[in-house]
Amino acid sequence: MSTQLETLPYRHVLTLPTMPSAVRTARETAEQALVEWGISLRHPTIGPALLILSELVTNSVRHAAELSPQVTVIYAAGQDCLAFAVHDRHPYQPPLFGAVAGAGGLATVMELTLGLGGTAVVRGDADGKGKSIWISLPL
């Protein structure tokens, strides 16, 4: 699905201070964008998608704030796909598929993503000093 991301017609980028308030703002912005794009907030994928987004932003706030004063959320969607990424400038790239067996934020992210038939990938920045976690979900 990653090759399709560039062709998704709807996009929005939001950069926030890496503070607890970023979680709520990222979620509210996602809801607003989805409505503007004509995607119903009642679609069965949207509730879990918003929880995934909240968990990823929370992880950046908890674990990356010291090295990353900002967190960026990229939202994208099309008729049959919703995708988003959370980017911070902390170099640690968590093993997403190892998280499935664990407990906590990333385990929840992976359980929901895989349960919805989606994909998750960590993409490191070219300079090795940051990363984005991309989630793609079918609609």
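Here, every reference points to the structure presented above.
This report concerns the structure included in the present document.

So, how was this worked out
Every chain's residues receive numbers from 1 upward, in the order its sequence appears when written. Per-residue local features of the predicted model are confined to residues with pLDDT of at least 70, and side-chain atom pairs are confined, for both listing and counting, to 80 or more; whole-chain, interface and lining totals are unaffected and use all residues. To get the side-chain values, take all heavy atoms of the structure and skip hydrogens and water. At least two DSSP bridges between two strands are required for those strands to pair. The helix and strand labels rest on DSSP assignments: H or I over at least four residues marks a helix, E over at least two residues marks a strand, and numbering proceeds from the N terminus. A side-chain nitrogen of Lys or Arg and a carboxyl oxygen of Asp or Glu constitute a salt bridge if their distance falls within 4 Å. Each residue gets one of three labels from its accessible area relative to the maximum for its type: buried under 20%, exposed over 50%, partly exposed in between, using a 1.4 Å probe on protein chains only. Only buried residues count toward a nonpolar core. Its members are Ala, Val, Leu, Ile, Met, Phe, Trp, Tyr and Cys residues joined through side-chain atoms within 4.5 Å. We call two residues contacting when some pair of their heavy atoms lies within 4.5 Å.

So, about the pairing of strand 4 (residues 119–124). The pairing of strand 4 with strand 5 (residues 131–138) spans 6 bridges and is antiparallel. By the bridge assignment, Ala120 is partnered in strand 5 with Ile135. Here strand 4 folds back onto strand 5 in antiparallel fashion, the turn holding 6 residues, of which Gly128 has a positive phi close to 75°.

With that settled, consider the pattern of salt bridges. By the definition in use, this model includes 5 salt bridges. Arg24 is the partner of Glu28 in a salt bridge, and the nearest nitrogen-oxygen pair spans 2.8 Å. Placement of the pair is Glu28 and Arg24 together in helix 1 (residues 21–36), with a separation of 4 residues, close to one helical turn. Relative accessible area serves as the criterion here: at 38%, Glu28 is assigned to the partly exposed category. Residue Arg24 is classed as exposed on the basis of its relative accessible area of 61%.

Counting 34 residues, the largest nonpolar core has Leu53, Leu56, Val57, Tyr75, Phe84 and Ile135 as the members making the most contacts within it. Among the elements that take part in this core, helix 2 (residues 46–63) stands out by supplying 8 residues, more than any other. Apart from the residues lying within four places of it in its own chain, the contact partners of Leu56 are Phe84, Val86, Leu106, Val109, Ile133 and Ile135.

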